[in-house]
Amino acid sequence: MRKNNSLKLIVIPVFIFLFLPLFIIIVTSFGEKPTIQFPIEGFTLDWYANVFRVGGFLDSFWLSLRIAILATLLALLVGIPAAYAISRYKFPGRQVLKQFFLSPTIIPGVVVGFSLFQFIVITMQIPLFTGLLLGHFIISLPYIIRVVGSSLEQLDVSLEEASWTLGCTKQETFFKVVLPNISSGIYASFMLAFINSFNNIPVSQFLTGPGLTALPTTLMSYIEYNYNPTVSALSVMLMLLTIGLMVLIEKTLGLASIS
Amino acid sequence: MAFVDLKDIRVSYDTKQDVLKDLNLSINKGELVSLLGPSGCGKTTTLRVIAGLIEPNDGEFNVDEENLTKVPVHKRNFGMVFQSYALFPHLTIFENVAFGLKMRKENKTIIKNKVMQMLEVTGLAEFSNRYPKQLSGGQRQRVALARALVIEPKLLLLDEPLSNLDAKLRISMRMEIKRIQRSLGITTVFVTHDQEECFSISDKVAVMNNGVIEQFDSPEEIYAFPKTEFVARFIGFENFITLNKLGEESYLAEDGSKFYSTAKTISNADKVKGTIRPDDIQIIENSENLDNTLSGEALVRTFLGKSYQYEVKTALGHLLVNDESLRTYQTGEQVTLYLNPAKLILV
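Residues numbered from 1 in each chain as written. Chains lettered and ligands numbered in written order. Predicted model: local features only at pLDDT ≥ 70, side-chain atom pairs only at ≥ 80, totals over all residues.

### What about the overall build of chain B?
(1) Moving on: Within chain B, the regular secondary structure consists of eight helices and 20 strands.
(2) Moving on: Split into buried and exposed, the 347 residues of chain B put 40% on the buried side.
(3) Moving on: In chain B, 65% of the contacts between residues at least 6 apart in sequence involve partners at least 24 apart. (Helix = DSSP H or I, 4+ residues; strand = E, 2+ residues; numbered from the N terminus. Buried ≥ 20, exposed ≤ 12 C-beta atoms within 10 Å, placed from the backbone. Contact = placed C-beta atoms within 7 Å.)

### Here's the deal with the overall build of chain A
(1) Moving on: Counting its secondary structure elements, chain A contains twelve helices and zero strands.
(2) Moving on: Going from the N terminus to the C terminus, chain A shows its helices and strands as α-α-α-α-α-α-α-α-α-α-α-α.
(3) Moving on: If you line up chain A on its principal axes, its C-alpha atoms span 70 × 60 × 30 Å.
(4) Moving on: The 259 residues of chain A split such that 33% are buried.

### Comments concerning the interface of chain B and chain A
(1) Moving on: Contact with chain B, which involves 18 residues of that partner, is made by 14 residues of chain A.
(2) Moving on: Of all elements in the fold, only β6 (78–81) and α2 (93–103) of chain B reach the threshold of two or more residues within the side of chain B that touches chain A.
(3) Moving on: Residues belonging to the side of chain B that touches chain A are distributed by class as follows: twelve nonpolar, five polar and one charged. (Nonpolar A, V, L, I, M, F, W, Y, C, P; charged D, E, K, R; others polar.)

### Thoughts on the sheet that holds strand β5 (residues 66–67) of chain B
All names here are of chain B.
(1) Moving on: The antiparallel open sheet is built from four strands, whose spatial order is β2-β1-β4-β5. At either margin of the open sheet sits one strand with a lone partner, and together these are β2 (20–27) and β5.
(2) Moving on: Here two bridges tie strand β4 (residues 58–63) to β5, and the two strands are oriented antiparallel to one another. From the neighbouring strand, Asn 62 faces β5, where its bridge partner is Asn 67. (Pairing = 2+ DSSP bridges.)

### What to know about the environment of Gly305(B)
(1) Moving on: Considering the arrangement of structural elements, one finds Gly305(B) in the loop between β16 (293–303) and β17 (308–314).
(2) Moving on: A sequence separation of 57 residues divides Gly305(B) from Glu248(B), and the C-alpha atoms of the two residues are 39 Å apart.

### Quick look at the domain arrangement of chain B
(1) Moving on: The assigned domain composition of chain B is domain 1 (4–224) and domain 2 (239–346).
(2) Moving on: Just the C-alpha atoms count here: the centres of domain 1 of chain B and domain 2 of chain B sit 41 Å apart. (Domains from an automatic or database assignment.)

### Considerations on helix α5 (residues 109–123) of chain A
Residues and elements named next belong to chain A.
(1) Moving on: With 15 residues, α5 extends 20 Å from end C-alpha to end C-alpha; this agrees with the ideal 21 Å at 1.5 Å per step.
(2) Moving on: When α5 is considered as a whole, its buried residues turn out to be Val 112, Gly 113, Leu 116 and Ile 120.
(3) Moving on: Within two residues after α5, Gln 125 carries a phi angle of roughly 55°, on the positive side. (Expected span 1.5 Å × (residues − 1).)

### A word on the confidence of the model for chain A
(1) Moving on: Of all residues in chain A, 96% have pLDDT values of 70 or greater, and the mean over the chain is 86.
(2) Moving on: Model confidence for chain A, summarised as mean pLDDT per element, is weakest for helix α4 (residues 94–106) of chain A at 79 and strongest for helix α7 (residues 157–165) of chain A at 96. (pLDDT = per-residue confidence, 0-100.)

### Points about the domain arrangement of chain A
All names here are of chain A.
(1) Moving on: If you check the domain split of chain A, you get domain 1 (1–44) and domain 2 (55–258).
(2) Moving on: Taking only C-alpha atoms into account, the centre of domain 1 sits 31 Å from that of domain 2.
(3) Moving on: Across the boundary between the two partners, domain 1 contributes eight residues, which contact seven residues of domain 2.
(4) Moving on: Looking at the side of domain 1 that touches domain 2 residue by residue, the class counts come to four nonpolar, four polar and no charged.

### Observations concerning the pairing of strand β3 (residues 32–36) of chain B
Residues and elements named next belong to chain B.
(1) Moving on: Within β3, five of the five residues are buried, which leaves it mostly tucked inside the rest of the structure.
(2) Moving on: Pairing of β3 with strand β8 (residues 187–192) involves five bridges; the strand directions are parallel. Opposite Val 33, over in β8, you have Val 189 as the bridge partner.
(3) Moving on: As paired elements, β3 and strand β9 (residues 204–209) share four bridges and run parallel to each other. Bridged to Ser 34 within β9 is Val 205.

### Thoughts on unusual backbone geometry
All names here are of chain B.
(1) Moving on: Within the chain, Tyr 85 stands out as a residue other than glycine whose phi angle is a positive 70°.
(2) Moving on: Among the secondary structure elements, Tyr 85 is positioned in the loop between β6 and α2.
(3) Moving on: In this structure, Asn 292 is a non-glycine residue whose phi angle is positive, near 60°.
(4) Moving on: Within the secondary structure, Asn 292 sits in the loop between β15 (281–284) and β16.
(5) Moving on: Take Asn 292: there are 20 C-beta atoms within 10 Å of it, and that puts it in the buried class.

### Brief notes about the confidence of the model for chain B
(1) Moving on: When pLDDT is averaged across chain B, the result is 90; 98% of the residues are at 70 or more.
(2) Moving on: For this predicted complex, the interface score ipTM comes out at 0.85, while the overall pTM is 0.82.

### Remarks on helix α5 (residues 167–184) of chain B
The periodicity of an α-helix, 3.6 residues per turn, causes residues three or four positions apart to be oriented the same way.
Residues and elements named next belong to chain B.
(1) Moving on: Its 18 residues give α5 an end-to-end C-alpha distance of 26 Å, which sits within 8% of 26 Å, the value for a rise of 1.5 Å per residue.
(2) Moving on: Buried within α5 we find Arg 174, Ile 177 and Gln 181. Along α5, the residues classed as buried sweep out an arc of 60° about the axis, all on the same side. Pointing more than 90 degrees away from the buried face of α5 are the exposed residues Lys 168, Ser 172, Met 175, Arg 179, Arg 182 and Ser 183.
(3) Moving on: Gly 185 occupies a position one or two residues after α5 and carries a positive phi of about 60°. (Arc of directions from axis to C-beta.)

### Let's talk about the nonpolar core
(1) Moving on: In this structure, Val97(B) and Leu157(B) are the most contacted members of the largest nonpolar core, which totals 143 residues.
(2) Moving on: Top element by residues in this core is helix α6 (residues 128–154) of chain A. It accounts for eleven residues. (Core = buried A, V, L, I, M, F, W, Y, C linked by C-beta atoms within 7 Å.)

### Quick notes on the pairing of β16(B)
Residues and elements named next belong to chain B.
(1) Moving on: Where β16 meets strand β19 (residues 334–339), five bridges bridge the pair, whose relative direction is antiparallel. Paired with Glu 297 across the two strands is Gln 334, which belongs to β19.
(2) Moving on: When β16 meets β17, the two strands line up antiparallel, connected through six bridges. Bridging across to β17, Gly 296 finds its partner in Thr 314.
(3) Moving on: A loop of four residues connects β16 with β17, the two strands running antiparallel in sequence, and Gly 305 in this loop sits at a positive phi of about 110°.

### A short note on the packing of α7(A) against helix α8 (residues 170–181) of chain A
All names here are of chain A.
(1) Moving on: Where α7 contacts α8, the axes come no closer than 10 Å and their chain directions differ by 125°. It follows from the interaxial angle that α7 and α8 lie oblique. Judged by the sense of rotation from one axis to the other, the crossing of α7 with α8 is right-handed. On α8, the residues touching Leu 159, Glu 160, Ser 163 and Trp 164 of α7 are Lys 170, Thr 173, Lys 176, Val 177 and Val 178.
(2) Moving on: The residue inventory of the contact of α7 with α8, partitioned by class, reads four nonpolar, two polar and three charged. (Axes fitted to C-alpha atoms, helices over the stretch in contact; angles between N-to-C directions. Parallel < 35°, antiparallel > 145°, perpendicular 65-115°, else oblique. Left-handed = near helix turned anticlockwise from the far one by under 90°.)

Below, the structure is given as structure tokens:
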């Protein structure tokens, strides 16, 4: 590759600008003083232990995990057939439907959150957990349809036709030929939707209630009253989780395949 | 009724234009028939109608006296080779070839025997555990053929199977296809836009244009006696002159010169078009009052290997002539052309 030193002059400051705040958060999580400060004085791992003791973080973590997994699985169940229909069948309103499924990624999160609040909580009176699950299902669906849809578009249609000529019905072909060849797209879409749901604030904020708060929401309200390094420690742990998932995607598929 | 019979097949994707216009085609058992034509002529659509991948708007499709018009693809038992080969990337070569037999719930040892036998025939036995992306284009092509043949189909359908191969491989593969087709005696429909490929392999050729079959004949017949102007142009008749009927086998050109055609006269119209291949026009010396001659001015000379091709400007338009004599003519030189009456075809 060609070396370009003037480009480095721009790239390096940008990287510093991007990573310095993260670096500071990581460092502050080890400070002994009960306020977040940089540079730190002393060294302790107490704040990491604190994450598991205070603020209901652990309960929120399990809730967020459950919601993220369930919502994403539900979205896969609906999204894969939907993506298949959109990519393989010509029907009136196909383009509109395509746009509609992508709309939650275009509309601001707060708007989605508020409208879901209005509909799910106020109008429908749906129980809290179900409501939260529905909300996360809706924000996960576009990721599934988009990523699985692009895998399907890259899959040669004549594979399916070949399978039909060999005696397979359309349903059998879907399971024996289509699914195995889009499995990497399904996996990638699952990861993306999962991370998005797990980190989502606007929708969770509106749909939580007593005893049922998602982790990012808990973290937000904790920061309002307690500005101590527990927040830094939790942030570091969440970063590690996301990085871990990203590494998993990269190892199995390559990030390039889903962007 | 012929073994394969398409009767008045009409296909249209929208209401505006028909892709196939009341197409009729009959194929005898064991024949290899090619559908030849430029892209967009409907040849692939015809093949897909036969396969059952497209349902015709009108018409009837029979194989072996059985009406299959409404029978879905997976129940037709036709082997099809796709242009992209369409091998299943997640399965090994063995599993690819075994796919159709597994669908038929055959016994495992029978599947194994049949697949291995087919891989032997196509020379792929040593690759049975590899995946499609580990094979070369020619090998993939043979896998696709093996996969289509192992189910012992009633019909073999080939959709431009050779177009992704390089020139040398294409020639050896078409011999191979013909050999396998002959030895199995399987009725085959072959779609191609390459006339040389099509002539070399087929028992019969259907030349298609704009959703209709313009001519359905043996390759020899089509090569020598095209019936329509489109067919003539498509298979290399470069020269066309307008002629008026004068008498039996004699015609008058626009400039008053007389032409004879002793080729099978197909047209009985008063006004016809005479057409001839560049190879069948000779450049002659001393032409005094000979019929079927035409004088003109040599324009562009192109070297073709065994001959030179000249574009000659005549009173009847520009003609292309392949001259095999050793003499070369300069641009602007006057030449006399002799149009062999046995090779002057009327369309």
